[in-house]
Amino acid sequence: DAGVIQSPRHEVTEMGQEVTLRCKPISGHNSLFWYRQTMMRGLELLIYFNNNVPIDDSGMPEDRFSAKMPNASFSTLKIQPSEPRDSAVYFCASSRQGGRNEQFFGPGTRLTVL
Amino acid sequence: AQSVTQPDIHITVSEGASLELRCNYSYGATPYLFWYVQSPGQGLQLLLKYFSGDTLVQGIKGFEAEFKRSQSSFNLRKPSVHWSDAAEYFCAVGALRDDYKLSFGAGTTVTVRA
């Protein structure tokens, strides 16, 4: 079985550019999570979708960040415009019923904003 | 809100020696508890989880953890460490009320010396 798929694995961009991160959850999972990992703040939940609907976006840092889930097999996290402080590893995770069950993590996208 | 503390930032252990990683949580009710492992450049993989019942839980890769309510702890142990266990380990707590949310500790990096 394919796990959670994320693309790209690495992204280097310049300040002010738009960045789009992509995620394909495990088939049959109805919950999807976007996390950000930095040395300073550790692992933070950015947004949680259930059945393609955003349930909790309280972790989204500011309006420059947006996330969509147009269907059960695809989600995007967009940063526009990007800033150097957005540099981090962004993880996507999915699960069958939310936090009580195991969250399966993708390999992450390492974003560097110059 | 729930929170997790992992007191040890970095632990070095000899191959074949035992390993114990500490985790303390703060939560007003019975929590859901998880241990994840992150190998370099990889996503997080679930080692084990506790929801209820037997307070000693077995996980993958020979790991186990014990839930101690009186100490608000969920320490991870392995009797004999292998070089492949070198990784970062995260303890996480889930809340019954928002059962999708996981609060992660800052992580403990384990180095295994030959």
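Heads up: the structure comes first, above all this text.
This is a predicted model, so every value here is computed, not measured.

(A) Geometry of the overall build of chain A. Broken down by element type, chain A carries 0 helices and 11 strands. Listed N to C, the secondary structure of chain A is β-β-β-β-β-β-β-β-β-β-β in terms of helices and strands. In terms of overall dimensions, chain A is globule-like: its C-alpha atoms have a radius of gyration of 13 Å, near the 13 Å expected for 114 residues. In terms of principal-axis extent, the alpha carbons of chain A reach across some 35 × 30 × 25 Å. For chain A, buried positions account for 47% of its 114 residues. In chain A, of all internal contacts separated by at least 6 residues, the share reaching a separation of at least 24 is 54%. Surface accessibility of chain A: about 5700 Å² in total, with carbon and sulfur atoms responsible for 48%. Taking the 12 positively charged and 12 negatively charged side chains of chain A as two groups, their mean positions are separated by 5 Å.

(B) Up close: the interface of chain B and chain A. Listed as interface residues are 17 residues of chain B and, on the opposing side, 19 residues of chain A. Note on chain B versus chain A: buried area summed over both sides is about 1600 Å², and carbon and sulfur give 55% of it. In this structure, the connection of chain B to chain A is made through 0 salt bridges. Breaking the side of chain B that touches chain A down by element, the ones donating at least two residues are strand E5 (32-38), strand E6 (44-50) and strand E11 (102-104) of chain B. Tallying contributions element by element places E5(B) first for the side of chain B that touches chain A, with 4 residues.

(C) Region of interest: the packing of aromatic side chains. One pass over the structure, following the stated rule, counts 15 aromatic pairs over all chains. Residues A:Phe91 and A:Phe105 carry aromatic rings whose centres are separated by 6.2 Å and whose planes lie at 80 degrees to one another, so their mutual orientation is edge-to-face. Of the two residues, A:Phe91 is situated in strand E9 (residues 88-95) and A:Phe105 in strand E10 (residues 104-105); the sequence distance between them amounts to 14 residues. Here A:Phe91 matches A:Phe105 in class, with each residue buried. Three or more aromatic residues joined by ring pairs make a cluster, and in this case those are A:Phe33, A:Tyr35, A:Tyr48, A:Phe91, A:Phe105, B:Tyr32, B:Phe34, B:Tyr36, B:Phe51 and B:Phe104.

(D) Main features of the side chain of B:Ser73. Residue and element names in this part refer to chain B. In this structure, Ser73 sits in strand E9 (residues 73-78). Here Ser73 falls in the buried class, since its relative accessible area comes to 4%. Each residue touching Ser73, except ones within four places of it in the same chain, is listed here: Cys23, Asn24, Tyr25, Glu66, Phe67 and Lys68.

Conventions and cut-offs
Residues numbered from 1 in each chain as written. Chains lettered and ligands numbered in written order. Predicted model: local features only at pLDDT ≥ 70, side-chain atom pairs only at ≥ 80, totals over all residues. Heavy atoms only, no water. Helix = DSSP H or I, 4+ residues; strand = E, 2+ residues; numbered from the N terminus. Rg over C-alpha atoms; globule rule 2.2 N^0.38 Å. Buried < 20%, exposed > 50% of the residue type's maximum accessible area, 1.4 Å probe, protein only. Contact = heavy atoms within 4.5 Å. Areas by Shrake-Rupley, 256 points an atom, 1.4 Å probe, with all protein chains shown as cover. Lys, Arg positive; Asp, Glu negative; His and termini not counted. Charge placed at Lys NZ, Arg CZ, Asp CG, Glu CD. Buried area = accessible area lost by both parts, 1.4 Å probe. Salt bridge = Lys/Arg side-chain N within 4 Å of Asp/Glu carboxyl O. Phe/Tyr/Trp six-rings, centres within 6.5 Å; stacked < 30°, edge-to-face > 60°.

By themselves these figures say nothing about function.
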